[in-house]
Amino acid sequence: MCDIVSRDILLGVSLADTVTLAARNAWALTLGDGIEQPAPTPYTVLWDQEHRRLHRFERIGEPVAADTGSAVLLVPPLAAPATCFDLRPDQSLARFLLDCGHHPYLVDYGEIGFADRRMGFEDWIDDILPEAIRRVSADRDGAPVDLVGWSLGGVLALLTAAADVALPIRSITAVGAPLDYDKVNFVPQVRAVARFTGGIGASTLIRLAGGVPAPLTRLAYRVTSWERELRRPLFVATHLTDAATLGRMETIDRFQDSMPGYPGRLYNQLWGRCMLANDLGRGEFRLGERRIALSEVTAPVLLVGGPDDVITPAAAVEHGTRTLTGAAEVRFETAPGSHLGILTGPAARNTTWLYLEKFLADAAA
């Protein structure tokens, strides 16, 4: 009899604790300050100018590891916050690189607004990224730099290396980089529609707006993950007592809500040269009379694509193995997850990050 009473008391206490925890998490997600606050990896700002803030990630208050690792510059895409490389402690490529003994750096473009409408690919390929690479190299006593770019950041890293072969670049990793727009979902259909107008309609609207505003970028990203948005209420209800899972969801929400926009000129170049003409699929990129050939990239290249990535399918990434003909080596690997997931999702630590660590070790050897 006593055992039965004790069991009932324990069940009552357990149920009360569960209800209390669920209520606390529900309050935090709706009216409170959130499940968990951001905990970025410590860093020092080395260079702070508009659209080119350079961070050096560090271990503040921790023993310094032996200086055997390489300098790794993390290159974010446009229209995505630079926090993609440092979402949370267990979803931080920057922290992983530190743990492996490397020296990670990050170039942050900041907010993009109407005043930046005249910025184009040239600003990144000829100015922002080359200067960041040189400064990182100088900070490491002239050592060559490993570039790691996600999405369009991977394309920018490759084009920067192709445009100036004298830059101190040791290797390039491109995760989810669209290198063949023929294989990007819906682009062929959009291209077929654009033939009726010559693509003028979209480019005119972008030009008038001065670019793609941040709210539209955020909406477009949510549309690509519509299943996640539809399942969100059930997901929250199912995991209402699981603070860790809700914290990861909250991190992704925060990431989406902080997406900046595209500069008008750059997006029109992206629309015309990539989506309509598919320059990258032919192994080049045209800026007026100028032609930047991907075959000019000589450093080893690692490409990572996601079979489940609906934004940049794996086939669009793998195409780089056929266009990067001048690279010392081109590896292609696959990783599970969404477009962001292949970079920093739950499975990235055992896939993309391990591919990268082995690639960097081989580059050093």
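Look up a bit, the structure's there.
Notes on the structure in this doc start here. Small disclaimer: the values here were computed from a predicted structure and weren't measured. Here the residue numbers are simple positions, counted from 1 along each chain's written sequence. The model is predicted, so local features are restricted to residues of pLDDT at least 70 and side-chain atom pairs to those at 80 or more, both for listing and for counting; the totals for chains, interfaces and linings are taken over all residues. Each side-chain value is derived from all of the structure's non-hydrogen atoms; neither hydrogens nor water enter the calculation.

1. Considerations on the sheet that holds strand β1 (residues 43-47)
Pairing between strands requires that DSSP locate at least two bridges from one strand to the other. Starting at the N terminus, helices and strands are each numbered in turn, a helix being any DSSP run of H or I of at least four residues and a strand any DSSP run of E of at least two. Pairing is mixed across the open sheet formed by 8 strands, whose spatial order is β1-β2-β4-β3-β5-β6-β11-β12. Each edge of the open sheet carries a strand with a single partner, namely β1 and β12 (330-334). On average, each strand axis in the sheet is inclined to that of its neighbour by 20°, with strand direction left out of account. Pairing analysis gives 4 bridges linking strand β2 (residues 53-57) to strand β4 (residues 103-108), with the strands arranged antiparallel. If you follow R53 over to β4, its bridge partner there is D108. Should any heavy atoms of two residues lie within 4.5 Å, those residues are counted as being in contact. Lines fitted to C-alpha atoms define the axes, with helix axes restricted to the stretch in contact, and inter-axis angles between N-to-C directions lie between 0 and 180 degrees. Contacting β3 (71-75), β5 (145-150), β6 (169-175), β11 (301-305) and β12, helix α14 (residues 352-364) runs over the sheet at an angle of about 165° to β6.

2. Some remarks on the pattern of salt bridges
Salt bridges are defined as contacts in which a side-chain nitrogen from Lys or Arg sits within 4 Å of a carboxyl oxygen from Asp or Glu. Per the stated rule, a full pass over the model turns up 19 salt bridges. Of the charged contacts, one joins D90 and R88 as a salt bridge, the two residues approaching to 2.7 Å between their closest N and O atoms. The classification of residues rests on relative accessible area computed with a 1.4 Å probe and restricted to protein chains. Under 20% of the type maximum is buried, over 50% is exposed, and intermediate values are partly exposed. For D90, a relative accessible area of 39% corresponds to the partly exposed category. Of the charged contacts, one joins E131 and R135 as a salt bridge, the two residues approaching to 2.9 Å between their closest N and O atoms. With E131 and R135 both in helix α3 (residues 121-139) and 4 residues apart, the pair spans about one turn of that helix. Classification of E131 by relative accessible area gives partly exposed; the value is 24%. Using a relative accessible area of 34% as the deciding quantity, one classes R135 as partly exposed.

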